[in-house]
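Listed below, chain by chain, are the residues.
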Amino acid sequence: MISIKLFPMVGEFAENKDAAKEIRLLQIVPALDGKEEVVLDFEGVNSATQSFIHALISDLIRKYGNEVLDRISFQHCNETVRKIIGIVVDYMQEAE
Amino acid sequence: MINMKIHLPNSAFLGNIDAFLRSFDMSDPTKLEITANKKWISIHPLVLAMVAALGSSVSPENIDFEKLEAKSKHYIERMGLFKMLGLESGITMIEHEPAGRFVPLAKITNTAELSSIITEIVPLLHLSPAQAEPIKYILSELVRNVFEHSLAKDGAFMCAQYYANSSTIRIGIVDTGVGIKKTIDASYSTGSDLEAIRLALTPGITGTTKRIGGTEYNAGAGLFFIKSIAKVSRNFFVIYSGNAMYKLLRSSRATKNIRLYSDPFDDRHSICNDLPSWRGTAVGIDIALEPRQEFSLLLDHIRKIYMNAISEQKKSRYRKARFI
């Protein structure tokens, strides 16, 4: 299992889509391709934009199918972050 | 040759901004003439950001800024308009507290500058963390739209102001890029600026792809979220691009439950499609600080509408059985 701490890379307001894309391509995708489970640790992140979460996870759902959600866990998410992740996860599954 | 002309009126806020927008003359983009009401100038940050954006494409020697006589001229100085245009105002003023409740005009051209403004906006506007949440959200999404879609060489121009009487934060974010129609037309064929604005405000529609769910980088949700934040705040939201403007009108405080709609034309709104053509996109938004609905509750509403919209978009593409 690989735990990825987001706060050091994105700060307390996660809005940088370029950073999200980099985390996805350089850390999440290699871990998933290596058959690892991934924990995205949001400790210290107080809020996020839908665009950030979309850039972080939407392409994973599209490429690996929604089964990828069995291999990714979201940790230490406050209510706002939880809901934004929920919106993105839901609309990506509805769209596919 | 006729210069570009802007007149700073006595009053221009989102509710009555139509007259200001109609007064533009953008005949010659190399010269700018700015005049102003002689008694009092009271204008929304959107107006200031538009003047700054327009003026920034003109060299200072080609800007004729009429000497301000209005008693409120210090406001224009304090918001940094002269500085942004590279002009001397000739206005002397005693600086009050350095962190009054406003964000002066800023030009944001990259992620580092955006991050810096997002950090500064909280103390500058004296916001609590809960009040700051939607403001930071709006700023990030709108400025990133400029970076990603506008192709504006000068980036985004923004400023914001707290208004004590209405307990609102008013924000203007403007670019002089390609405009919404050109961006949306990359994937959809729209017949007008207004139609492009309508699509841009619809959840799940992005100019980057026709695919439902968007690309890896864009979902087509940003402007819908922002309009929804304004709607729940029961306040104005204005978006102006090309010759069209869409204005979300205030909702009555008497209405207990606010409904969100995926089609912006279902909201209480007004439109114009015969304005002087703005080369780029200008957005103004008012957010009430109190009474405030929890941001997370707003997300529940958004989720519901968003899912319905995606479902409808999918259904609209279903092929029908052919009965012969």
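Since we're looking at a predicted model, the values are computed, not measured.

Q: Could you give me a rundown of the overall build of chain A, with the residues and numbers involved?
A: Along the backbone of chain A there are four helices and five strands. Secondary structure elements in chain A, listed N-terminal to C-terminal, are β-α-β-α-β-β-α-β-α. Over its C-alpha atoms chain A spans a radius of gyration of 12 Å, differing by no more than 12% from the 12 Å that the globule rule assigns to 96 residues. Once the C-alpha set of chain A is aligned to its principal axes, its extents read approximately 30 × 25 × 20 Å. Split by element, the accessible area of chain A, about 4000 Å² in all, is 48% carbon and sulfur.

Q: Summarise the packing of aromatic side chains; cite the residues concerned and give the values.
A: Residue and element names in this part refer to chain B. One pass over the full model with this rule turns up ten aromatic pairs over all chains. Where F13 meets Y163, the ring centres are 5.7 Å apart and the plane angle is 85 degrees; that geometry is what we call edge-to-face. Of the two residues, F13 sits in the loop between β2 (11-12) and α1 (17-22) while Y163 sits in strand β7 (residues 156-163), which places them 150 residues apart along the sequence. Here the two residues F13 and Y163 agree in accessibility, since each one is buried. Three or more aromatic residues joined by ring pairs make a cluster, and in this case those are F20, F24, Y240 and W278.

Q: Just give me the short version of the sheet that holds strand β1 (residues 4-8) of chain B, but keep the residues and values in it.
A: All names here are of chain B. Spatially, the three strands line up as an open sheet ordered β1-β3-β5, and their pairing is parallel. The two strands at the open ends of the sheet, each matched to only one other strand, are β1 and β5 (63-65). Strand-to-strand, the axes of this sheet are offset by a mean angle of 15 degrees, without reference to chain direction. Together, β1, β3 (32-36) and β5 form the strand contacts of helix α2 (residues 45-56), whose direction differs from that of β1 by roughly 155 degrees.

Q: So what's going on with the confidence of the model for chain A? Residues and values would help.
A: In low-pLDDT segments, the atomic positions of the prediction should not be examined closely. This prediction gives chain A a mean pLDDT of 96; 100% of its residues lie at or above 70. Highest mean pLDDT in chain A belongs to helix α1 (residues 7-10) of chain A (98); lowest belongs to helix α4 (residues 79-95) of chain A (93).

Q: Quick rundown of helix α10 (residues 295-316) of chain B? Include the residues and the values.
A: Between the first and last C-alpha of α10(B) there are 31 Å, a value that for 22 residues agrees with the 32 Å anticipated at 1.5 Å per step. Along α10(B), the residues classified as buried are B:F295, B:S296, B:L298, B:L299, B:I302, B:I305, B:Y306, B:M307, B:A309, B:I310, B:S311 and B:Q313. Buried positions along α10(B) lie against α4 of chain A together with α6 (129-150) and α9 (222-232) of chain B.

Q: Would you mind going over the interface of chain A and chain B in detail, with residue names and values included?
A: With 30 residues of chain A at the contact, the number on the chain B side is 35 residues. Taken together, the two surfaces of chain A and chain B that pack against each other cover about 2800 Å², and 51% of this comes from carbon and sulfur. The interface formed by chain A and chain B contains six salt bridges. Between B:K136 and A:E12 there is a salt bridge, with the nearest N and O atoms lying 2.9 Å from each other. Linking chain A with chain B are 18 residue pairs in polar contact (both at pLDDT 80 or more). Of all the secondary structure elements, the ones that give two or more residues to the side of chain A that touches chain B are α2 (17-33), β4 (47-48), α3 (50-64) and α4 of chain A. Looking at which element gives the most residues to the side of chain A that touches chain B, the answer is α4(A), with ten residues. Within the side of chain A that touches chain B, the residues separate by chemical class into eight nonpolar, nine polar and 13 charged.

Definitions and limits used
- Residues numbered from 1 in each chain as written.
- Chains lettered and ligands numbered in written order.
- Predicted model: local features only at pLDDT ≥ 70, side-chain atom pairs only at ≥ 80, totals over all residues.
- Heavy atoms only, no water.
- Helix = DSSP H or I, 4+ residues; strand = E, 2+ residues; numbered from the N terminus.
- Rg over C-alpha atoms; globule rule 2.2 N^0.38 Å.
- Areas by Shrake-Rupley, 256 points an atom, 1.4 Å probe, with all protein chains shown as cover.
- Phe/Tyr/Trp six-rings, centres within 6.5 Å; stacked < 30°, edge-to-face > 60°.
- Buried < 20%, exposed > 50% of the residue type's maximum accessible area, 1.4 Å probe, protein only.
- Pairing = 2+ DSSP bridges.
- Axes fitted to C-alpha atoms, helices over the stretch in contact; angles between N-to-C directions.
- Contact = heavy atoms within 4.5 Å.
- pLDDT = per-residue confidence, 0-100.
- Expected span 1.5 Å × (residues − 1).
- Buried area = accessible area lost by both parts, 1.4 Å probe.
- Salt bridge = Lys/Arg side-chain N within 4 Å of Asp/Glu carboxyl O.
- Polar contact = N/O pair within 3.5 Å; in protein donor to acceptor, adjacent residues only side chain to side chain.
- Nonpolar A, V, L, I, M, F, W, Y, C, P; charged D, E, K, R; others polar.

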